[in-house]
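Observations on the model geometry
Letter by letter, the chains look like this.
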Number of protein chains: 2
Amino acid sequence: MTRINDHYLKLKASYLFADIGKRIKAFQEANPTAKLIRLGIGDVTQPLAPAIVKAMHEAVDDMARAETFKGYGPDAGYDFLVEKIVAHDYGARGVKIATDEIVVSDGTKQDSGNIQEIFAIDSVVALTDPVYPVYVDSNVMAGRTGEVDDSGRYAGLVYLKCTADNGFAAPLPDRHADLVYLCYPNNPTGAVLTRAAMQKWVDWARAEHAVILFDAAYEGYIRDAEIPHSIYEIEGARECAIEFRSYSKAAGFTGVRCAYTVVPKELRGRDAKGQPVSLNALWLRRMTTKYNAAPYIVQKAAAAAYTDEGRKQTRAQIDFYMENARIIREGLEAMGLTVYGGRNAPHIWGKTPPGLGSWDFFDKLLNEAHVVSTPGAGFGPAGEGYLRLTGFGSRANTEEAVERIRTKLAR
Amino acid sequence: MTRINDHYLKLKASYLFADIGKRIKAFQEANPTAKLIRLGIGDVTQPLAPAIVKAMHEAVDDMARAETFKGYGPDAGYDFLVEKIVAHDYGARGVKIATDEIVVSDGTKQDSGNIQEIFAIDSVVALTDPVYPVYVDSNVMAGRTGEVDDSGRYAGLVYLKCTADNGFAAPLPDRHADLVYLCYPNNPTGAVLTRAAMQKWVDWARAEHAVILFDAAYEGYIRDAEIPHSIYEIEGARECAIEFRSYSKAAGFTGVRCAYTVVPKELRGRDAKGQPVSLNALWLRRMTTKYNAAPYIVQKAAAAAYTDEGRKQTRAQIDFYMENARIIREGLEAMGLTVYGGRNAPHIWGKTPPGLGSWDFFDKLLNEAHVVSTPGAGFGPAGEGYLRLTGFGSRANTEEAVERIRTKLAR
């Protein structure tokens, strides 16, 4: 029989959110009338902004007429979108990014899962613990790790423990690493990196000739004016950092699917002979060979998020979710729980009550309060003892969830 | 510096269509007023079918209301689409495929490029020559080949030469292979496989314990009632074949992006210990970890292609393109060229005039007739001496292109 990629067998039983999905399904089958409130998976609930809806209808009409019909799009994205990205996401913050440093795609999950392909299989990978599981799993599947141990750690990966003690700000690795995944504002902890902390990372990466894979999917949620929105706001980052951006949480696109990745032209890796190779060129090659531009309609939708109306409307959505986050944070604090995040990110990272593990507390909230959360342990061993809740629900559901948790925990 | 994936450096300079794009750009800069006719890249030109446009508008409206808004979709695709696939693409032809054997995605380019990930790195890969470049390049990038030789062949790959002598029907490999890519109706030659030829392949794969990766992206163009549309119409195929289907050419979705892959539950690979492993489970794991369901709007659009109206309208588009193919085929034949394809596929595979290589003829058509084609050599060494033209243009452009070629060739 054809041999499979054995690295897949190293993966823990299933992708975290698939696992949660199964528990929810089992609960619903046992409790068909229960009204579940989902504050687990970070999925938005507000309808698309009117400016975006309008742009999508127009784009559909373009597809309905031969003169304006669009087939295969430009490999790296339409100019009408890429130029807006350059101007608004970067130019407006004093950062210079060229249009040919951007490749538009259908998701940061994909981009952050695929980026590892352009690097050598023996690259040393560092990542935070807790962490977004895709960074780990994509490297396990590619064969950059050994087996997983009882604590859930894979041999060969460098784990950067993020705890309350260090404010969930990733500490520098205690050994060399070639690739470091950083996500700030952080999923799942809701922590941010200060400018000084980011500078420390960039300085480290330059000294180590390492590449930072910076996931800025939640940058739209930053409230504190001192926190950088892009790693390229940091001196030297163009030589050592790739940045991922997503419209999923910034514009409610979890079901629309659009994102982009920035690979500056200064970025170099080296080949087996020690010669420098442009990572920008490698990523473009990867994408032109195994991807095909995001749908025209989707790119039109993303572009509409940058219009005056679109920006006002998507900002109002973010404000709405951040108010939910405040309600959850203050509600849990009022119950005596210790809570992090929720100030520059939609995620609330709460400590579980004494004696309850992550999955215990997850099950308790599911079975008693009928509230879906995400167990912290699902994001890595250091997430044990925590639970993630998100501000992405409706206002009524968010308030009811907090009230239900309060009632159940009080018993 | 971080080490790159050196396998990328084995790739020929660029992805074929990017290469062609550069020549076109250079031509246009030198001839700004010339009116180019593009019959090269297989990109559709007819606007989306009215039934699909209607469904997309409705889906956009769903996204505009909180009650009907859709965030992350089901990992493997919405039931409303998957059930239609099962009923229409398979059930209607007497083939039983279960809903959980299908994963919906945003393109067969992606799926056929990604499928190799679930197999061992030392798998022996066989593919036709000429061939859709993605099959080759994705395996080169993964490290399943050695270097490329002067003829354009990569060490380690098993090439199945498809020529006029064998009717461009892939001959069985003369040695063991673990994975075989077959695309029928074929891109680029326009050839089809008879039922008997398919049965021979399935029997071979079962005997060799190999997996056939069957790309049926052009099945909608089959005219001959005797030609199977799916490899699963062949006895035993569920044990040895994965099938790719696309809406790009079937419903004009090159700019909409939707496809799906079928991995039957009977399909097994073996792990390092010789234990059987479900390929269906591995593919689902790959997709849930590194992909995120195709956009809701796109899946709604695909589902609309299965309504009575949608089927009638998309069939009319296919008829239109096939009439173009006939015009090209008969036009070239009238000029004394030898031409294949164009009867059960939108592709015309023409022999270049004596003394002209593929790229020579490509350049001649570009520079003299201002017609964009695809050089056969771009699809592999055995494509040298051929040129691909497609029936995807408008009627007027198709007719004018044939007339221009006639005029230029006659000189």
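These figures come from a predicted structure and were not determined experimentally.

Turning to the pattern of salt bridges, a few remarks are in order. Residue and element names in this part refer to chain A. For the structure on display, the rule yields 50 salt bridges over all chains. Taking the shortest distance from any N to any O, the salt bridge between Arg206 and Glu239 comes out at 3.2 Å. Here Glu239 lies in the loop between β6 (211-215) and β7 (241-246) and Arg206 lies in helix α6 (residues 195-208), a separation of 33 residues in the sequence. Classification of Glu239 as partly exposed rests on a relative accessible area of 42%.

Right, let's talk about the packing of aromatic side chains for a bit. Two aromatic rings are characterised by how far apart their centres lie and by the angle between their planes. Counted by the stated rule, this structure contains 42 aromatic pairs over all chains. Relative to Tyr232(A), the ring of Tyr90(A) has its centre 6.2 Å away and its plane inclined at 55 degrees; by these criteria the two rings are tilted. Residue Tyr90(A) is found in helix α3 (residues 79-90), and its partner Tyr232(A) is found in the loop between β6 and β7; the two are separated by 142 residues along the sequence. For Tyr232(A), a relative accessible area of 7% gives the class buried. For the ring pair Trp201(B) and Trp204(B), a centre distance of 5.4 Å and an interplane angle of 75 degrees mean the geometry is edge-to-face. With Trp201(B) and Trp204(B) both in helix α6 (residues 195-208) and three residues apart, this pair spans about one turn of that helix. For the pair Trp201(B) and Trp204(B), one class covers both residues: buried. Aromatic rings pair up to connect Tyr90(A), Tyr232(A), Tyr247(A), Phe253(A), Tyr260(A) and Tyr306(A) into one cluster. A cation sits over an aromatic face here: Lys351(A) above Tyr386(A), 4.4 Å from the ring centre. Positioned over the ring face of Phe80(B) is Lys300(B), at 4.4 Å from the centre of the ring.

Further remarks concern unusual backbone geometry. Asn187(A) connects to Pro188(A) through a cis peptide bond whose omega is 20 degrees. Mapped onto the elements, Pro188(A) comes out in the loop between β5 (179-183) and α6. For His370(A), which is not glycine, the phi dihedral falls at a positive 55 degrees. If you trace the backbone, His370(A) turns up in the loop between α10 (358-369) and β13 (371-372). The residue His209(B) is not glycine, and still its phi comes out positive at about 55 degrees.

Let us now look at helix α5 (residues 133-142) of chain A. Counted residue by residue, α5(A) has nine buried out of ten residues, so it is predominantly covered. Those residues of α5(A) that fall on the buried side of the exposure criterion are Pro133(A), Val134(A), Tyr135(A), Val136(A), Asp137(A), Ser138(A), Asn139(A), Val140(A) and Met141(A). Of the surrounding secondary structure, the elements contacted by the buried residues of α5(A) are α1 (16-30), α4 (108-114), β3 (125-129), β5 and β6 of chain A together with α7 (279-290) of chain B. Immediately downstream of α5(A), the backbone of Gly143(A) shows phi near 95 degrees, a positive value.

About the cut-offs
Residues numbered from 1 in each chain as written. Chains lettered and ligands numbered in written order. Predicted model: local features only at pLDDT ≥ 70, side-chain atom pairs only at ≥ 80, totals over all residues. Heavy atoms only, no water. Salt bridge = Lys/Arg side-chain N within 4 Å of Asp/Glu carboxyl O. Helix = DSSP H or I, 4+ residues; strand = E, 2+ residues; numbered from the N terminus. Buried < 20%, exposed > 50% of the residue type's maximum accessible area, 1.4 Å probe, protein only. Phe/Tyr/Trp six-rings, centres within 6.5 Å; stacked < 30°, edge-to-face > 60°. Lys NZ or Arg CZ within 6 Å of the ring centre and 35° of its normal. Contact = heavy atoms within 4.5 Å.

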